[in-house]
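Single-letter residue listing:
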Amino acid sequence: LENHQNNTALEKELASKEAVKYIKSGMIVGLGTGSSAYFAIQQIAALVENGMQIKAVATSEHTANLASELGIPLMDFKEVRSIDVTIDGADEFTADLQMIKGGGGALFREKIVASLTKQEIIIADSTKLVEQLGAFTLPVEVVPLALNHVIDKIEALDGKPVLRKKSGAPFITDNGNYIIDVDFGLIANPHALAFNLNNIEGLLVHGLFLDLASIVIMGNSNGVEVFKR
Ligand code: A5P
């Protein structure tokens with residue numbers, strides 16, 4: 001197990017080194033959340049340290065704290081209208097660039113950032129590549145008042161929802177909401193499922209990130225493999 005973890009960390013680092021090559025001086029850069037994005041943020045901090053002029057947008061409070069500790073200049077999220085390049089991770093992706101995200105609970109800001117981004121670069125280790133999405137349970141952010149309503153609607157779509165917990169209490173997102181992790185089994189038609197989920201009142205956002213990635217850079221034992229649209 002330890003060896004496996006070392007390998008995936010190495011793959012994430014390789015992918016992040018490749019990804020930061022897309023960042024140029026003057027750009028607005030989206031910073032992802034999670035252990036893969038962590039490597040990219042370290043690389044970006046080094047570029048800033050060496051004089052590169054960028055402004056960054058953080059996809060979570062955690063990432064915002066990390067970026068400011070490392071001296072990366074941050075924009076106020078509310079002011080952001082367009083982002084040149086974002087580097088973020090994924091929980092699962094397919095070769096045609098569809099993804100599940102939200103394992104870290106940051107999916108709401110990640111999805112806004114991805115939607116505003118011209119070039120969304122996903123970095124991943126080789127365990128994230130799947131034939132079909134859905135082995136990883138789908139994270140869904142829910143406004144707490146609507147929890148039972150949303151659970152009923154999700155069960156009507158044949159999903160098995162579990163409220164995410166952290167040390168015994170419900171996990172609370174940066175936006176003050178709950179996460180439910182939903183087992184839909186393998187997802188035959190992600191666009192249809194996304195459409196149905198988008199129609200549930202009280203469901204703020206789900207972790208299907210469809211047609212949002214421009215490129216996935218995956219680390220593997222030989223180096224990196226790039227998946228493009
Ligand atoms: C955060 O909410 C997620 O979308 C992450 O991008 C995802 O969980 C990947 O995290 P790791 O890079 O830690 O695997």
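Residues numbered from 1 in each chain as written. Predicted model: local features only at pLDDT ≥ 70, side-chain atom pairs only at ≥ 80, totals over all residues. Heavy atoms only, no water.

Right, let's talk about unusual backbone geometry for a bit. Non-glycine residue D158 carries a positive phi angle of around 70 degrees. Along the chain, the position of D158 falls in the loop between helix 5 (147-156) and strand 8 (160-163). For D158, a relative accessible area of 64% gives the class exposed. A positive phi is found at D211, a non-glycine position, where the angle reads about 60 degrees. Checked against the element boundaries, D211 lands in the loop between strand 13 (208-209) and strand 14 (215-220). (Helix = DSSP H or I, 4+ residues; strand = E, 2+ residues; numbered from the N terminus. Buried < 20%, exposed > 50% of the residue type's maximum accessible area, 1.4 Å probe, protein only.)

Right, let's get into helix 2 (residues 35-49). The end-to-end C-alpha separation of helix 2 is 21 Å, in line with the 21 Å expected for 15 residues at 1.5 Å each. Of the positions making up helix 2, those classed as buried are S36, A37, F39, A40, I41, Q43, I44, A45 and V48. Just downstream of helix 2 lies G51, where phi reads positive at about 105 degrees. (Expected span 1.5 Å × (residues − 1).)

Right, let's talk about the packing of aromatic side chains for a bit. For the structure on display, the rule yields two aromatic pairs. Taking 5.9 Å as the distance between ring centres and 75 degrees as the angle between the ring planes, the aromatic pair formed by Y38 and F39 counts as edge-to-face. For the ring pair F93 and F227, a centre distance of 5.3 Å and an interplane angle of 70 degrees mean the geometry is edge-to-face. Here F93 is found in strand 4 (residues 92-93), whereas its partner F227 is found in strand 15 (residues 223-228), with 134 residues between them in sequence. Take F93: its relative accessible area is 0%, and that puts it in the buried class. When its relative accessible area of 10% is taken as the criterion, F227 is described as buried. Sitting over the face of the ring of F209, K101 holds its NZ or CZ atom 5.5 Å from the ring centroid. If you follow R164 out to its NZ or CZ, it ends over the ring of F171, 5.4 Å from the centre. (Phe/Tyr/Trp six-rings, centres within 6.5 Å; stacked < 30°, edge-to-face > 60°. Lys NZ or Arg CZ within 6 Å of the ring centre and 35° of its normal.)

Let us look at the layout of surface pockets. The space that makes up the largest pocket amounts to roughly 220 Å³. Forming the walls of the largest pocket are 17 residues, and the residues nearest its centre are S60, G104, G105, F171 and D174. Broken down by secondary-structure element, the contributors of at least two residues to the lining of the largest pocket are helix 3 (61-69) and helix 4 (107-116). The leading source of residues in the lining of the largest pocket is helix 4, at three residues. Classifying every residue of the lining of the largest pocket by side-chain character gives five nonpolar, eight polar and four charged. Taken as a whole, the second largest pocket encloses approximately 180 Å³ of empty space. (1 Å grid on protein atoms, 1.4 Å probe; cavity = no way out; pocket = protein on both sides within 12 Å on 5 of 7 lines; lining within 4 Å. Points joined across faces, edges and corners; volume = space filled by probe spheres on them. Nonpolar A, V, L, I, M, F, W, Y, C, P; charged D, E, K, R; others polar.)

With that out of the way, let us pick up helix 3. Here helix 3 has its buried residues at T63, A64, L66 and A67. Around the axis of helix 3, the buried residues are gathered within 165 degrees of arc, so they sit on the same side. When the buried face of helix 3 is taken as reference, the exposed residues oriented beyond 90 degrees from it are H62 and E69. Turning to helix 3, the residues buried within the fold contact strand 1 (28-31), helix 2 and strand 2 (55-58). Once helix 3 ends, the next one or two residues include G71, with phi positive near 80 degrees. (Arc of directions from axis to C-beta. Contact = heavy atoms within 4.5 Å.)

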